[in-house]
Amino acid sequence: MATWSAPGKVFLFGEHAVVYGKPGIAMAIKPRVFVTVRNTRRAQRAKSPYIDGCFEAMGVVGSVYINSQIPSSSGLGSSAAVTVATLSAINDEFALHKNREDIADMAFEIEKTVQKGRASPTDTTVSTYGGIILISGGSRRRLPPQNMHLVVGDSLVSHNTSKMVEQVSELKKNHPAIVDPVLDAIEGVSMSAIHHLSNPKELGNYMNMNHALLEALGVGHPQLSKLVLAARSAGAFGAKITGAGGGGCMVALCPKPLKHRVAGAIEACEARAIVTGIDTEGARKEKNV
Ligand code: PMV
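Residues numbered from 1 in each chain as written. Predicted model: local features only at pLDDT ≥ 70, side-chain atom pairs only at ≥ 80, totals over all residues. Heavy atoms only, no water.

Participant: Help me understand the sheet that holds strand β6 (residues 150-154), please; the structure alone is not making it clear to me.
Facilitator: The strands making up a sheet associate through backbone hydrogen bonding, with each pair oriented either parallel or antiparallel. Across the sheet, which stays open at both edges, the four strands sit in the order β7-β8-β6-β9 with antiparallel pairing between neighbours. Taken across any chain shown, the strands that pair with only one partner, and hence form the sheet edges, are β7 (238-242) and β9 (272-276). Strand-to-strand, the axes of this sheet are offset by a mean angle of 20°, without reference to chain direction. Looking at chain direction, β6 and strand β8 (residues 249-253) are connected through five bridges and run antiparallel. Bridging across to β8, Val-152 finds its partner in Val-251. Packed on one face of the sheet, helix α7 (residues 200-216) meets β7 and β8 and runs near 40° to β7. (Pairing = 2+ DSSP bridges. Helix = DSSP H or I, 4+ residues; strand = E, 2+ residues; numbered from the N terminus. Axes fitted to C-alpha atoms, helices over the stretch in contact; angles between N-to-C directions. Contact = heavy atoms within 4.5 Å.)

Written out as structure tokens, the structure reads:
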């Protein structure tokens with residue numbers, strides 16, 4: 001029996017712009033998915049196509065038990081974390097000797113298959129390696145990890161990533177003279193933010209700018225605006241939509257002593273708050289239970 005876990009993620013900067021080859025910055029965060037795999041020599045019918053995909057890709061059969069702290073379908077990368085943790089646990093239990101790079105590549109292929117070609121490698125990369133990742137065109141690079149006090153606000157409004165991506169693409173097609181400069185401005189924010197990752201006050205300003213630009217792309221939602229404003233009023237350095245928008249989550253960067261106040265302000269808006277911070281480990285072996 002082998003138990004592995006893998007973290008979720010947030011986009012700090014550049015969501016949607018990354019679809020057009022612009023840079024994006026994503027960070028692994030603390031809620032984790034825990035997966036136990038047992039070599040039972042007979043397959044247990046998994047309820048998830050991600051789990052089935054993992055066993056198929058590894059060419060083995062076994063049973064699996066999942067315990068997730070990450071809300072699903074919220075843009076926090078829960079499917080990537082499940083996939084990465086399951087592949088890692090299978091690799092360990094069956095002594096298949098795959099390295100981290102193999103796991104990240106396989107996890108991306110599985111996400112791509114299940115999501116019918118629409119996955120980006122961001123979630124699987126961040127979940128496998130942990131830390132802060134700069135996505136730029138086809139390349140991904142780890143940035144120096146920084147301790148950040150974050151509160152994620154889950155609006156509990158369901159959203160659909162491919163629908164939001166499609167909506168931005170329509171807007172860009174209909175108004176290129178407006179949308180292209182907005183995407184360029186998001187790129188400007190991300191490129192500036194890279195140099196201020198250790199300065200939360202400055203980083204918060206960049207998050208606020210990124211939020212306004214995401215609103216300009218039409219991916220806002222009244223409930224997300226409410227949460228962003230509540231977090232800023234409660235003392236956050238900055239707050240923005242994280243991920244595809246139209247629902248899903250926002251993220252606030254907070255002074256350490258204020259993070260619980262910010263979380264309270266978010267929960268007062270009938271949303272779910274997660275007080276969190278960076279995860280620097282990525283996929284990790286847990287003690288066998
Ligand atoms: O829904 P999420 O958090 O996986 O974010 C999607 C981010 C987009 O840039 C809108 C799309 C993508 O694949 O990068």
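Participant: Explanation requested: the packing of aromatic side chains in the structure shown.
Facilitator: In total, this model carries zero aromatic pairs according to the counting rule given. Over the ring of Tyr-20 we find Lys-172; its NZ or CZ atom is 5.2 Å from the centre of that ring. (Phe/Tyr/Trp six-rings, centres within 6.5 Å; stacked < 30°, edge-to-face > 60°. Lys NZ or Arg CZ within 6 Å of the ring centre and 35° of its normal.)

Participant: It is not clear to me how the nonpolar core should be interpreted in this structure. Could you clarify?
Facilitator: Burial of nonpolar side chains together is a common tendency in soluble globular proteins. Phe-13, Met-27, Met-148, Met-250, Val-262 and Ile-266 are the most contacted members of the largest nonpolar core, which has 83 residues in total. Looking at this core element by element, the count peaks at seven residues for helix α2 (residues 78-93). Apart from the residues within four sequence positions on either side, Ile-266 is in contact with Val-151, Gly-153, Leu-227, Ala-231, Met-250, Ala-271, Arg-272 and Ala-273. With six residues, the next largest nonpolar core counts Phe-11, Ala-26, Ala-28 and Val-126 among its residues. (Core = buried A, V, L, I, M, F, W, Y, C linked by side-chain atoms within 4.5 Å. Buried < 20%, exposed > 50% of the residue type's maximum accessible area, 1.4 Å probe, protein only.)

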